[in-house]
Amino acid sequence: TMALMDNFTNVFQRALTRTFCPVMQQAIGFGSAFEGWTAHEGELVYRVLIPLTPPLGHTFHLERDTDQQRPGRNFRVRVELACSCPREQQGVNMRCFLHHPDVIRRRTRHPNFLDTLCTGSYLDVQKTVCWFCALVRASWRRLPQSRSWHLVLLPSKRACNLKLTNSQESFQVKVLFGVRRRTSDIFISSRPQGLHTPSIMWPETYAVAETKFFRQMARQTPQDSSHLRCLQLLASVLARKDFSIHSIKTIVMHLLNTVPVSRWHRRYFLLQLSDALEQLRLSLEKKHLEHFILGNQRLPEEIRLPQDVRRAKPPNLFHSLVQDPATHSQAMQTYFDL
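Quick caveat: nothing in here was measured; it's all calculated off a predicted structure.

Caption draft 1: A look at the packing of aromatic side chains. Across all of its chains, the model carries eleven aromatic pairs by this definition. Between Tyr 46 and Phe 171, the aromatic rings sit 5.6 Å apart at their centres with planes inclined by 90 degrees, giving edge-to-face as the arrangement. Taken together, the positions of Tyr 46 in strand E3 (residues 44–53) and Phe 171 in strand E10 (residues 170–180) put the pair 125 residues apart, joining distant regions of the chain. Take Tyr 46 and Phe 171: they sit in the same class, and that class is buried. Look at Trp 149 and Phe 171: their rings are 5.2 Å apart centre to centre, the planes differ by 75 degrees, and that puts the pair in the edge-to-face class.

Right under this line is the structure:
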């Protein structure tokens, strides 16, 4: 999967040379398929995020959304032209889009992406997805994978969903786009947040940091650790009982971060399951489960966070249980029926 994405990125980078389009960096795999577990049987779905950086003569400015009614932390990406002239010689460089936009358009015969991928001055998710999907269609035959795989693009507004099939198997690749927050492991991404995410809204995502945490744990836990087996079993069973897979994953991550790594040896597997289920019960009773990344002061130092993320108040993933007593009662009953 990552070889496929690397091939796409290499082709796109060559095709977009001398254009003023967002620059695609190496794709980053995240989610269960890259963490070593899965909650669902059947067709595998790989999730990757392609970081975008501004082209020459442009800058990205991340603006935090202040609408408290919208779930999560959301940003807009304001695109601005930047002078690329030598110092003290502004206006001299004929390749400066800020001072000579008409000359640049005439020479390159390419529009500026402010005109094509933005709504107003803000990078537009849906326009970016359409642009990428068009590049995939135009470039697929140049990739070595095209000789043995059949590609179908599945409809989606905020991601490019690729379905690849051959005579023996099939899998999906869900491609999201993002902008890295400084040099951290936190991105704002095209992943939707809620039912109606505006097209210029880029929600903050912690998925890359979570996957990095699992890779860090894989290096620290015993070689025959069963933490992934424990997570997979809990997620596959509890998901059928309408428990959120992400809440189960959050509980296991909290345990991984607090329980001594020696306790994750496979001989303690039943104890691990018991600990996770007990933590779920306590969280349901208290109607409180803290987000694992936001505001977590005890993360391994390898997980790089912006200061505002590290210092944030951890949101309660079970906030809905506080608001709705009937939902809370049903969740408790479902737990005791396990």
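Additional details are given in the paragraphs that follow.
Caption draft 2: Fine view of the environment of Gln 333. With respect to the helices and strands, the residue Gln 333 is situated in helix H12 (residues 325–336). Gln 333 sits 14 residues away from His 319 along the chain, and the two C-alpha atoms are 18 Å apart.

Caption draft 3: The arrangement of the pairing of strand E8 (residues 150–154) in detail. Note: E8 against strand E9 (residues 160–165), five bridges, orientation antiparallel. Residue Leu 151 lies in a different strand from E9, and its bridge partner there is Leu 164. Count of turn residues in the E8/E9 antiparallel hairpin: five residues.

Caption draft 4: Local environment of the pairing of E10. Sheet topology places E3 next to E10; eight bridges connect them, and they run parallel. Its bridge partner lying in E10, Val 48 is registered against Val 175. Where E9 folds back on E10, the antiparallel hairpin that results is connected by four residues. Between E10 and the antiparallel strand that follows it, strand E11 (residues 187–189), lie six residues; Arg 182 among them carries a positive phi value of about 50 degrees.

Caption draft 5: Main features of the pattern of salt bridges. On inspection of all chains with the given rule, the structure shows 18 salt bridges. In this structure, Arg 76 and Asp 65 form a salt bridge, with 3.5 Å as the shortest nitrogen-oxygen distance. Linking Arg 76 in strand E5 (residues 74–81) with Asp 65 in the loop between strand E4 (58–64) and E5, this pair joins segments that are eleven residues apart in sequence. Take Asp 65: its relative accessible area is 10%, and that puts it in the buried class. Among the salt bridges present, the one from Arg 70 reaches Asp 67, with a minimum N-O distance of 3.4 Å.

Caption draft 6: Structural context of the domain arrangement of the protein chain. By domain assignment, the protein chain separates into domain 1 (1–206) and domain 2 (221–337). With centres defined by C-alpha atoms, the gap from domain 1 to domain 2 works out at 31 Å. Contact residues are listed per partner, giving 15 residues for domain 1 and 18 residues for domain 2. For the pair domain 1 and domain 2, the summed buried surface comes to about 1,400 Å²; carbon and sulfur atoms form 60% of the total. Broken down residue by residue, the surface that domain 1 buries against domain 2 is led by Trp 37, Asp 185 and Tyr 206, which jointly contribute 38%. Here Asp 308 makes a salt bridge to Arg 73, at a shortest N to O gap of 2.5 Å. Counting across the domain 1 and domain 2 interface gives six residue pairs in polar contact (both at pLDDT 80 or more). Across the side of domain 1 that touches domain 2, the residue classes tally to four nonpolar, five polar and six charged.

Conventions used here
Residues numbered from 1 in each chain as written. Predicted model: local features only at pLDDT ≥ 70, side-chain atom pairs only at ≥ 80, totals over all residues. Heavy atoms only, no water. Phe/Tyr/Trp six-rings, centres within 6.5 Å; stacked < 30°, edge-to-face > 60°. Helix = DSSP H or I, 4+ residues; strand = E, 2+ residues; numbered from the N terminus. Buried < 20%, exposed > 50% of the residue type's maximum accessible area, 1.4 Å probe, protein only. Pairing = 2+ DSSP bridges. Salt bridge = Lys/Arg side-chain N within 4 Å of Asp/Glu carboxyl O. Domains from an automatic or database assignment. Contact = heavy atoms within 4.5 Å. Buried area = accessible area lost by both parts, 1.4 Å probe. Polar contact = N/O pair within 3.5 Å; in protein donor to acceptor, adjacent residues only side chain to side chain. Nonpolar A, V, L, I, M, F, W, Y, C, P; charged D, E, K, R; others polar.

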